[in-house]
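Structural features, examined
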Amino acid sequence: MIKKRIWASILSGDTILTVLFILTISSAVLCGAKYYLDMSKTQRANADISAISTAIAQYELEIGKYPDSLQDLTSESGQYGPWLKEIPSDVFSKNQHYKYLKDKKHYIVYSVGPDGTSSSSLATGISGDDIGYKDN
């Protein structure tokens, strides 16, 4: 008798509607969580790039040229440096550092962004979904 009531309750419209409601709410929460996770990664990349760009500007002021690589920012050069303790890893690419390109007058430092591919250059600046800074 109890088993019949349980099955009748499970198969009733109210239970099915409850399950659908719970699944709808769960999927909305998961989509929102992914949005906030991506947003926090973007904010982290912006903060890292800001710190790196500041270190590059300080390096250029003290040494007279842009560093050849980001690793130059972690070592001493004469009486100057290090400008950064370590180079942070790009939050959008596994175990890789932020990208850095330079010529004699300009530089660009950027993250590959959520799609994980680089589409930026010194000539075009930051493009695609890349996140970064180009010195003008």
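Scroll up for the structure.
Residues numbered from 1 in each chain as written. Predicted model: local features only at pLDDT ≥ 70, side-chain atom pairs only at ≥ 80, totals over all residues. Heavy atoms only, no water.

1. Here's the deal with the side chain of Ser-53
The line we're drawing: Numbering of helices and strands starts at the N terminus; helices are DSSP runs of H or I of at least 4 residues and strands are runs of E of at least 2. Any two residues having at least one pair of non-hydrogen atoms within 4.5 Å are treated as being in contact.
Assignment of secondary structure puts Ser-53 in helix 2 (residues 13–63). Beyond its immediate sequence surroundings of up to four residues, Ser-53 is in contact with Tyr-107, Val-109 and Tyr-133.

2. Examining the sheet that holds strand 2 (residues 107–111)
In plain terms, the rule: At least two bridges found by DSSP between two strands are what make those strands a pair. Axis angles are defined between N-to-C directions and span 0 to 180 degrees, where every axis is a line fitted to C-alpha atoms and, for a helix, only to the segment in contact.
Spatially, 1-2-3 is the arrangement adopted by the 3 strands of the open sheet, whose pairing is antiparallel. Sheet topology places strand 1 (99–102) and strand 3 (131–134) at the edges, where each strand pairs with a single neighbour. Sheet twist, expressed as the average angle between the axes of neighbouring strands with direction ignored, equals 10 degrees. With 4 bridges joining them, strand 2 and strand 3 adopt antiparallel strand pairing. Of the residues in strand 3, the one forming a bridge with Ser-111 is Ile-131.

3. A word on the nonpolar core
The cut-off we apply is this: Within this scheme, the nonpolar core is defined by two criteria: the residues are buried Ala, Val, Leu, Ile, Met, Phe, Trp, Tyr or Cys, and they are joined through side-chain atoms within 4.5 Å. Only protein chains enter the area calculation, which uses a 1.4 Å probe; residues under 20% of their type maximum are buried, those over 50% are exposed, and those in between are partly exposed.
Ranked by size, the top nonpolar core spans 19 residues in total, and within it Ile-52, Ile-56, Leu-70, Leu-73 and Tyr-98 carry the most contacts. The set of elements that each furnish at least two residues to this core consists of helix 2 and strand 2. It is helix 2 that provides the largest number of residues to this core, a total of 6 residues.

4. Points about the pattern of salt bridges
Test applied: Salt bridges are identified by distance alone: a Lys or Arg side-chain nitrogen within 4 Å of an Asp or Glu carboxyl oxygen.
Scanning all chains against the criterion turns up 3 salt bridges. For Asp-48, the salt bridge identified is with Arg-44, shortest N-O distance 3.2 Å. Of the two residues, Asp-48 and Arg-44 both sit in helix 2, 4 residues apart, roughly one turn of that helix. Using a relative accessible area of 9% as the deciding quantity, one classes Asp-48 as buried. Judged by its relative accessible area of 44%, Arg-44 falls in the partly exposed class. When salt bridges with common partners are traced through the structure, they connect Lys-65, Asp-68 and Lys-102 into a single cluster.

5. What about unusual backbone geometry?
Gly-81 connects to Pro-82 through a cis peptide bond whose omega is -10 degrees. Looking at the secondary structure, you find Pro-82 in the loop between helix 2 and strand 1. Even without being a glycine, Asn-95 presents a positive backbone phi close to 55 degrees. Locating Asn-95 in the fold gives a position in the loop between helix 2 and strand 1.

Without other data, these values stay purely geometric and don't point to any function.
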